[in-house]
Amino acid sequence: MSDGAVLHVKGRVLAGPDDVRNELWVVGGRVSYDRPAGARDITTVEGWALPGLVDAHCHVGLGADGPVDADTAEKQALTDRETGTLLIRDAGSPSDTRWIDDRDDLPKIIRAGRHIARTRRYIRNYAWEIEPDDLVAHVAREARRGDGWVKLVGDWIDRDLGDLAPCWPREAVQAAIAEAHRLGARVTAHCFAENSLRDLVEAGIDCIEHATGLTEDLIPLFAERGVAIVPTLVNIATFPRLADGGEKKFPRWSAHMRRLYERRYDTVRAAYDAGIPVFVGTDAGGTLPHGLVAEEVAELVAAGIPPADALAATSWAARAWLGRPGLEEGAPADLVVYEADPRADVRVLAAPRRVVLNGRVVE
């Protein structure tokens, strides 16, 4: 498309879960619901249009062994784009990916800086590894380095205990979260187990990643405080394999991981039923491939979340939570077009007909 070209999207435009339009126009890279006067160079795309999908837990620039080079990071971002993911909350990366912001053909990224973990209590080469006395200072640094988010590692295996255990004393996370909030950043934390959650939520955390340890007694606390969860069920699917690998050395941890896996769907459904905000995240990067957003939406449906709400968790609701527009008048034209109504069958998300980023058809 030339700079003066107009894109016409017709069929059904899902501007919101109950806001369905017959068409939209893209002029100068932005959404308009008014036909532009005198438009001549018009490209038409037909189908069911959604705002660009959101992966709220993704790691661009991260590989199995830590940071990756720019070419690899570009391939990761392009893979996400091909599947319709046009907005990413990067939930921790040791790579500097700000060069992506200068590329109008790559997904938009909201960064959480680099993971902050306890010394020798996380995957090697991923995180800043520190002790509690340094937590506030590191949170402040990552709050300034990120795009409004900070990522903590809330629990990990304690080799002396042979099981998952909290990484931080309550008073340390309370001070750190307060500092992040003072600097205008929200805080999220990786948490698999049960016993770190109460301290983190009562300390004021904004989100929990994975949240497999969410229990019946904690659910009302999450709901009352409005703490969101990003279950990353496509990642939780790896727990049995991880448990098998650690069986000989850490049998207690392995048994715990299997229990968390076995109740994963019940955990997510109970959270949803209680009104806890649930969002789509794949945990792509590290050991998981990119481009899994459709699979994660399907997993939320398998957990018992109604398809329309699972769809909202990667579109309208997710964008509102992250403070980014959807298909409002004048918003950047980031959208995905499908053959059929994704509200009726989320499986259509796996096969976009067209991907439009910044007003240009890129797929």
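One can find the structure itself at the top, above this paragraph.
The text that follows walks through the structure, step by step, so that each part is easy to find. (Residues numbered from 1 in each chain as written. Predicted model: local features only at pLDDT ≥ 70, side-chain atom pairs only at ≥ 80, totals over all residues. Heavy atoms only, no water.)

### Quick word on the state of the cysteines
Considering all chains together, one arrives at zero disulfides under this definition. The thiol sulfur of Cys167 is not disulfide-bonded, and the nearest other cysteine sulfur, from Cys191, lies at 8.3 Å. Accessibility expressed as a relative area gives 0% for Cys167, which makes it buried. Of all cysteine sulfurs in the structure, the one in Cys191 sits closest to Cys207, which takes part in no disulfide; the separation is 9.8 Å. (Disulfide = S-S within 2.5 Å. Buried < 20%, exposed > 50% of the residue type's maximum accessible area, 1.4 Å probe, protein only.)

### What about the packing of aromatic side chains?
By the definition in use, this model includes six aromatic pairs. Taking 6.1 Å as the distance between ring centres and 75° as the angle between the ring planes, the aromatic pair formed by Tyr122 and Tyr126 counts as edge-to-face. This pair shows no difference in class: Tyr122 is buried, exactly as Tyr126 is. Positioned over the ring face of Trp149 is Arg89, at 4.6 Å from the centre of the ring. (Phe/Tyr/Trp six-rings, centres within 6.5 Å; stacked < 30°, edge-to-face > 60°. Lys NZ or Arg CZ within 6 Å of the ring centre and 35° of its normal.)

### Section: the sheet that holds strand 8 (residues 85-90)
Strand order across the open sheet formed by three strands is 5-8-9, with parallel pairing between neighbours. In this open sheet, the two strands that pair with only one neighbour each are strand 5 (53-58) and strand 9 (108-111). For this sheet, the mean inter-axis angle between neighbouring strands, taken without regard to orientation, is 20°. Where strand 5 meets strand 8, four bridges bridge the pair, whose relative direction is parallel. If you follow Leu53 over to strand 8, its bridge partner there is Thr85. (Pairing = 2+ DSSP bridges. Helix = DSSP H or I, 4+ residues; strand = E, 2+ residues; numbered from the N terminus. Axes fitted to C-alpha atoms, helices over the stretch in contact; angles between N-to-C directions.)

### Topic: the environment of Trp25
Secondary-structure assignment places Trp25 in strand 2 (residues 19-27). With relative accessibility at 2%, the residue Trp25 sits in the buried group. Sequence separation of Trp25 and Ala243 is 218 residues, and the distance between their C-alpha atoms is 51 Å. Beyond its immediate sequence surroundings of up to four residues, Trp25 is in contact with Val6, Leu7, His8, Arg30, Val31, Ser32, Tyr33, Asp34, Arg35, Pro36 and Ile42. (Contact = heavy atoms within 4.5 Å.)

### Brief notes about the environment of His210
Here His210 is to be found in strand 16 (residues 207-210). You can call His210 buried: its relative accessible area is 4%. Taking C-alpha positions, His210 is 6.6 Å from His190, a pair spaced 20 residues apart along the chain. Residue contacts for His210: discarding those within four places in its chain leaves His57, His190, Cys191, Phe192, Val230, Pro231, Thr232, Asn235, Ile236 and Asp283.

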